[in-house]
Amino acid sequence: MATLANLIDWASKKGSTVSEGIEFKNVDNEGNAAYASKDVNAAEIKIPVSMALKLSDALEAFGKEARDIPLKTRNINALTKLYLAYERSHVETSPFSAYISSLPQFPEMKASPYLWSPEETAKLKGSNLGSSLRGNIANIVEEWWLVISILPESIEKPSNHFVNMKFYYEQKFHTEEELHKYIVGEGAAFDNWTSFPSYLWASMIFKLRSFPGYLLKDSKTDPVNYQQEDSAVLLPVIDLLNHSPSAQVVWAVQNDQFVFSSSTPLKAGDQLFNNYGQKGNEELLLAYGFCIDNNEADSVALKVKVPVELLPEMEKNGLKLPKISDYTTSVVKSEKKESYDDYKDGLLFFITKQHVPDNLVLLFQFLVKSKWETSLTLRMRLSGLNHLRQAVESKAALLDYSKLPADSSNTNTANTRIYLKLQKKIMDSAVKHIKRMEKSLLDEQKNKLLTLKSVYKRDTKFLRSLLITMGVLTWEEIVEKQLMDQIWLLYLIRCYNRDEYIKGAQDEEENYLPEWIKKAFIKMDAETSMEPAEVVQFRQLYENMIIPMNEAVPEIYNKGKWTVRELIVSTKLLDTIGFVRGKDQECILVEQ
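Residues numbered from 1 in each chain as written. Predicted model: local features only at pLDDT ≥ 70, side-chain atom pairs only at ≥ 80, totals over all residues. Heavy atoms only, no water.

If you check an unreviewed UniProt entry, the protein chain appears there as SET domain-containing protein from Candidozyma pseudohaemuli.

Okay, structure coming up:
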C-alpha cells in the first residue's frame, strides 16, 4: 500500500500545488489531513482536472460499447463506481495507482453503519437509520446488479464473476449475520472487481470523497458534458481534507485546474478543513462514520404513506409535494422531474429543531378530511395537528439510548448515542412546536368548539341523567370509565331532538342545545343508508344503553327519536364534526 508521501509525490508530479505552510500528515484519531506548519491567512490547493477520477475515465477504460451504460443504470455514477472497483483490482497498472492505494479499505471504514455488525446495528432500533439500513443496502445491490448485467461481453470479467451473480439471487434470504459476513469477508476479495462488496466499497468511497461533477463544467479536458449535471467525481489530495461546517471555502475550476481555497486564518498546528455543506448526522454517519453532537444541520425524516390517487387533489388544494432536491444534501444534484409514481412509497419530510415543514402539517390536515369538507376547515386543521403530534410522539417513543454509555470507548456506540439523542431532541422540540400551534388555534377559535366539559356546565338535566344511568358525574370519571364516545352519541341525538324538549315547555331551557348540531344531524340522516350488519352491530348497544335510559329518564330519552338508526347516524356524525386530542383522547366538536 502506498504511503501518504507517495500520493503527495504523485500529485505533485501531475501538476498539483499546495500553499506554502500547508502540509499533509497522518495523525492518530484524525487519519490523513492537512495542517498549517506556520501561521497562514489563506490556503489554496490546485489539482489538474486530468487528475480527477470521473465518468469520462470510466467510458474510456471500458470502451465505446459501454458509452450508453450510464443512461441505462439506476444511478448515473454506477459505471464510475465499477471503474473504481476495476482499477483497485488492477492497482499496480492503474493510472490512479497512488491515489487508489491511499484510499481506506473495509477494515478502516468500519465506522460506517454499512459495515457494522448485527449487534451494533441493533442499537439503532427505532430510528430512521435503523429501519432503512437494510433497504439502503438492497438499493445498492439493485444498482450493482443492473450495471454488471449490462456490461459488454468484450469486457473481461474476473474468474469468480458467476459466484457474484449467485449472491444476487441469494442475498434477499440472507440473515443480517450472513449478509455482514459476506460483505466484510468471503466476498470482499480485491481481485473480484464485479462482486457486490467491491461495488459497495466503491459506493462508500463516493459517499466519503466525491464532489459534484458539475463543478467541472468549465473544464476543457472532460468531454462528457452531457453527464456533468448529475455525475460525481473524485478529487485526489483535496478529498483528504476533513469537514468543518464553519470553514469558509470556495471550489472552482480555473485554467483547467480544480482550485480549493480557504479564507479561514490558521495558526501553526491548526487543521485546514473543507466544508462538506449542511449535513445531518445520518448522512455524516453513513458516509463519513461520525456524528456531530448538537449538529444544527441535523434533522429527522418522516415518511408518510399517501394513496397516490389522492395526490392530484391535494396539490390543487395547495399542498406542495416534496422534491428530491428539497431533502437531499448529496453532492450530486438532479434535474429529474418527479411523477406521482415517485411517491408510491411515501412522501418524505424533514423536521429540524427549529422547523416543522408547513407542507407536512398541511398533508396531515388533508389526510383527515371528511366527505363534507371540500377545502381546509377548522376541524381539519385541529385534527391534522393532533394526528401529526401523535405520529411524532410515537416515533420519538421508539428511541432509547439510555443503555448506551455516554463515555463509551467504542466509536460506533458513541456515535449511535449521539445520533439517537439528537434525533429524540429534535422530535421533542417538534412536539412542543405542534402543541403551541394547537393551543393558539384552540384559543383563537374557542367560540366554535364544544367540549363535554362545556356541555356539563350548561346542560344540568343531561348531567343528572348520566349520574342516574351511568353513575358518572365528573369529567375524570368519564375518562376513567372510557365513556366519552357513548356520552357524545347520546348528546348528539339529544341535540337532534331539541325541538321536542322546547315544545310545550314552561321555560326555554333546552334552547342552549346547539342548532348547528341538529342541522348537521339531519344532513347526516339524509345521507345515511343502514346496512344489515350495522343494525346488528348497534342493536346490542341500543338494548343495553338506550332502552334502560328510556325507562330511567323518560323526560330526555323518551322524547323524539331514539332508535338504532339514530345511534348509527350519531356515530357517523361524531366522526365527521369531531376530532380527538391529548393523552386523554378528548373528543371536541367543531362547528362547521
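After presenting the structure, the write-up continues.
Participant: How should I be thinking about the overall build of the protein chain in this particular structure?
Facilitator: On a plain count of helices and strands, the protein chain comes out with 25 helices and 14 strands. Computed over its C-alpha atoms, the radius of gyration of the protein chain comes to 32 Å, more than 25% above the 25 Å expected for a compact globule of 592 residues. Considered along the principal axes of its C-alpha atoms, the protein chain spans approximately 105 × 55 × 45 Å. Partitioning the intrachain contacts of the protein chain with sequence separation of at least 6 by distance along the chain shows that 71% fall at a separation of at least 24. The distance from the centre of the 72 positive side-chain charges to the centre of the 80 negative ones in the protein chain is 3 Å. (Helix = DSSP H or I, 4+ residues; strand = E, 2+ residues; numbered from the N terminus. Rg over C-alpha atoms; globule rule 2.2 N^0.38 Å. Contact = heavy atoms within 4.5 Å. Lys, Arg positive; Asp, Glu negative; His and termini not counted. Charge placed at Lys NZ, Arg CZ, Asp CG, Glu CD.)

Participant: For this particular structure, what's the right way to read the domain arrangement of the protein chain?
Facilitator: Accessible area lost during the coming together of the parts is what is often quoted as the interface size. As assigned here, the protein chain comprises domain 1 (1–52 + 235–276), domain 2 (60–232), domain 3 (297–332 + 340–445) and domain 4 (459–590). Placing a centre on the C-alpha atoms of domain 1 and another on those of domain 2 gives a separation of 26 Å. Contact between domain 1 and domain 2 buries roughly 1700 Å² in total, counting both sides, with carbon and sulfur atoms accounting for 70%. For the pair domain 1 and domain 2, the number of links is one salt bridge. Salt-bridge contacts for arginine 209 lead to aspartate 239; the nearest nitrogen and oxygen are separated by 3.0 Å. Of the residues forming the side of domain 1 that touches domain 2, the biggest block, three residues, is contributed by helix H1 (residues 4–14). (Domains from an automatic or database assignment. Buried area = accessible area lost by both parts, 1.4 Å probe. Salt bridge = Lys/Arg side-chain N within 4 Å of Asp/Glu carboxyl O.)

Participant: Sorry, what's going on with the sheet that holds strand S8 (residues 257–262) here?
Facilitator: In a beta sheet, neighbouring strands are held together by backbone hydrogen bonds and run either parallel or antiparallel to one another. If you trace the four strands from one edge of the open sheet to the other, you get S1-S4-S8-S7, paired in antiparallel fashion. The open sheet has two edge strands with one neighbour each: strand S1 (17–18) and strand S7 (249–254). Two elements, strand S4 (residues 43–48) and S8, share six bridges in a ladder whose sense is antiparallel. The residue bridging alanine 43 from the neighbouring strand is serine 262, located in S8. (Pairing = 2+ DSSP bridges.)

Participant: Help me out: how do you make sense of the pattern of salt bridges in this one?
Facilitator: Any two side chains of opposite charge can pair, so long as their charged atoms come close to each other. Scanning the model with the defined rule gives 25 salt bridges in all. The closest approach of N and O atoms between glutamate 20 and lysine 38, which form a salt bridge, is 3.2 Å. One end of the pair, glutamate 20, is in the loop between S1 and strand S2 (22–27); the other, lysine 38, is in the loop between strand S3 (31–36) and S4, and 18 residues separate them in sequence. For glutamate 20, a relative accessible area of 65% corresponds to the exposed category. (Buried < 20%, exposed > 50% of the residue type's maximum accessible area, 1.4 Å probe, protein only.)

Participant: What should I look at first to understand the packing of helix H15 (residues 378–397) against helix H16 (residues 411–444) in this one?
Facilitator: When two helices pack together, their arrangement is captured by the angle between the axes and the distance separating the axes. For the pair H15 and H16, interaxial distance at closest approach is 9 Å and the crossing angle is 160°. Here H15 lies roughly antiparallel to H16, going by the angle between them. Relative to H16, the crossing made by H15 is left-handed. Residues Leu378, Arg381, Leu382, Leu385, Asn386, Leu388, Arg389, Val392, Glu393, Lys395 and Ala396 of H15 pack against Lys424, Met427, Asp428, Ala430, Val431, Ile434, Lys435, Met437, Glu438, Leu441 and Leu442 of H16. Classifying every residue of the contact of H15 with H16 gives 13 nonpolar, one polar and eight charged. (Axes fitted to C-alpha atoms, helices over the stretch in contact; angles between N-to-C directions. Parallel < 35°, antiparallel > 145°, perpendicular 65-115°, else oblique. Left-handed = near helix turned anticlockwise from the far one by under 90°. Nonpolar A, V, L, I, M, F, W, Y, C, P; charged D, E, K, R; others polar.)

Participant: Help me understand the pairing of strand S10 (residues 300–304), please; the structure alone is not making it clear to me.
Facilitator: Within a regular beta strand, the side chains point alternately toward one face of the sheet and then the other, so they alternate between its two faces. Most of S10 is tucked away: four of the five residues are buried. Sheet topology note: the S10/strand S11 (residues 347–351) ladder contains five bridges and is antiparallel. Among the inter-strand pairings, valine 300 is bridged to a residue of S11, identified as isoleucine 351.

Participant: What exactly am I supposed to notice about H1 here?
Facilitator: The α-helix advances 3.6 residues per turn, and as a result positions three or four apart in sequence lie on the same side. Turning to H1, its buried residues number three or more, namely Leu4, Leu7, Trp10 and Ala11. Projection of H1 onto a plane perpendicular to its axis shows the buried side chains occupying an angular sector of 130°, all on one side. Seen from the buried face of H1, the exposed residues on the opposite side, beyond 90 degrees, are Ala5 and Lys13. Packed against the buried residues of H1 are S2, S3 and helix H5 (97–102). Of the residues one or two after H1, glycine 15 is the one with positive phi, at around 110°. (Arc of directions from axis to C-beta.)

Participant: How should the packing of aromatic side chains be read in this particular structure?
Facilitator: How two aromatic rings sit relative to each other is given by the distance of their centres and the angle of their planes. Scanning all chains against the criterion turns up 20 aromatic pairs. With a centroid separation of 6.2 Å and 85° between ring planes, the pair formed by phenylalanine 62 and tyrosine 83 is classed as edge-to-face. Of this pair, phenylalanine 62 sits in helix H2 (residues 55–62) while tyrosine 83 sits in helix H4 (residues 78–89), and the two are 21 residues apart along the sequence. Judged by its relative accessible area of 7%, phenylalanine 62 falls in the buried class. Note on tyrosine 168 and tyrosine 169: the rings are 5.2 Å apart at their centroids and 80° apart in plane angle, and the pair reads as edge-to-face. Among the aromatic residues, ring-to-ring pairing joins Trp144, Trp145, Phe167, Tyr168, Tyr169, Tyr182 and Phe196 into one connected group. (Phe/Tyr/Trp six-rings, centres within 6.5 Å; stacked < 30°, edge-to-face > 60°.)

Participant: In this structure, what is going on with the state of the cysteines? I would like to understand it.
Facilitator: Working definition: the covalent bond between the sulfur atoms of two cysteines is a disulfide. Tallied over the full model, the rule gives zero disulfides. Sulfur of cysteine 495: no disulfide; nearest cysteine sulfur belongs to cysteine 587 and is 13 Å away. Since its relative accessible area comes to 0%, cysteine 495 is described here as buried. (Disulfide = S-S within 2.5 Å.)

Participant: So what exactly am I meant to see when it comes to the sheet that holds strand S14 (residues 586–590) here?
Facilitator: Spatial ordering of the open sheet is given by S12-S14-S13, a layout of three strands whose pairing is antiparallel. For this open sheet the edge positions go to strand S12 (449–450) and strand S13 (578–581), each flanked by a neighbour on one side alone. Contacting S12, S13 and S14, H15 crosses the sheet at an angle of about 30° to S13. Running at roughly 25° to S14, helix H20 (residues 484–496) makes contact with S12 and S14 of the sheet.

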